[in-house]
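# Close look at the chain arrangement
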Amino acid sequence: MGECPDAIRRTCQPHLMNATVIHALHDWPFAVWLRSAPIVYPALETLHIIAIAITFGSLWIVDLRLLGVRLFGLGALDVRTLAGAALPWTLFGFVLAAAAGSLMFLARAGDFIGNQAFLLKILLLFVAGTNAAILHSRGPLDSSSTATRLQAAFSLLIWIAIIICGRWIAYV
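Here is a short report on the structure shown in this document. Source: prediction; values computed, not measured.

This paragraph deals with the overall build of the chain. A count of helices and strands for the chain gives 8 helices and 0 strands. Ordered by position from the N terminus, the helices and strands of the chain form the series α-α-α-α-α-α-α-α. Long-range pairs, those at least 24 residues apart, make up 70% of the contacts in the chain with a sequence separation of at least 6. Per element, the accessible surface of the chain, about 10,000 Å² overall, is 73% carbon and sulfur.

Listed below in structure tokens is the structure:
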């Protein structure tokens, strides 16, 4: 096996994750290439950020409209029409961010697996997905519903927290 980062030895305790799995990921030739090819990892980071912008931008507009914000012409847009037009962009951005993020994780699994900001980000992504599933399972979007408005506000807060955690990964 190749030399693994200190983060692998430090974080891969039996109760957290099998160190062998992390070592295997670290030593996998594809993962080595992802982290060592000069342009690949920075390109993945760039793609990840663009995908987050697409995801959050489309969510932002719909959530603000659900909250009753009427600035910049939002009030003139029917919330269901807006949501219908934005949802494909949200899903596209999310799939792209998840793909790029998964490759970034693969390249540096030993660093990420013990990073508290990364772990919190992943937890918040599950919370965001659950919130969205509940919102859409209740039927057509209704901006006059208190529950819908609370979920829209919660969505914005969750996604802002996800973005913050993503930025903090490099610094904690």
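There is more to say, and it comes next.
Let's shift gears to the layout of surface pockets. Of the voids in this model, the largest pocket is the one considered here, and its volume is about 800 Å³. Taken together, 29 residues line the largest pocket, and the ones lying closest to its centre are His48, Met104, Lys121, Gly166 and Ile169. The set of elements that each furnish at least two residues to the lining of the largest pocket consists of α4 (40-66), α5 (79-107), α6 (109-112), α7 (116-137) and α8 (146-168). Classifying every residue of the lining of the largest pocket by side-chain character gives 18 nonpolar, 6 polar and 5 charged. Of the volumes computed, that of the second largest pocket is approximately 560 Å³. Taken together, 29 residues line the second largest pocket, and the ones lying closest to its centre are Leu59, Leu87, Thr90, Ala132 and His136. Every element with two or more residues in the lining of the second largest pocket is listed here: α4, α5, α7 and α8. Its residues assigned to classes, the lining of the second largest pocket shows 17 nonpolar, 10 polar and 2 charged.

Each value, and the rule that gives it
- Residues numbered from 1 in each chain as written.
- Predicted model: local features only at pLDDT ≥ 70, side-chain atom pairs only at ≥ 80, totals over all residues.
- Heavy atoms only, no water.
- Helix = DSSP H or I, 4+ residues; strand = E, 2+ residues; numbered from the N terminus.
- Contact = heavy atoms within 4.5 Å.
- Areas by Shrake-Rupley, 256 points an atom, 1.4 Å probe, with all protein chains shown as cover.
- 1 Å grid on protein atoms, 1.4 Å probe; cavity = no way out; pocket = protein on both sides within 12 Å on 5 of 7 lines; lining within 4 Å.
- Points joined across faces, edges and corners; volume = space filled by probe spheres on them.
- Nonpolar A, V, L, I, M, F, W, Y, C, P; charged D, E, K, R; others polar.

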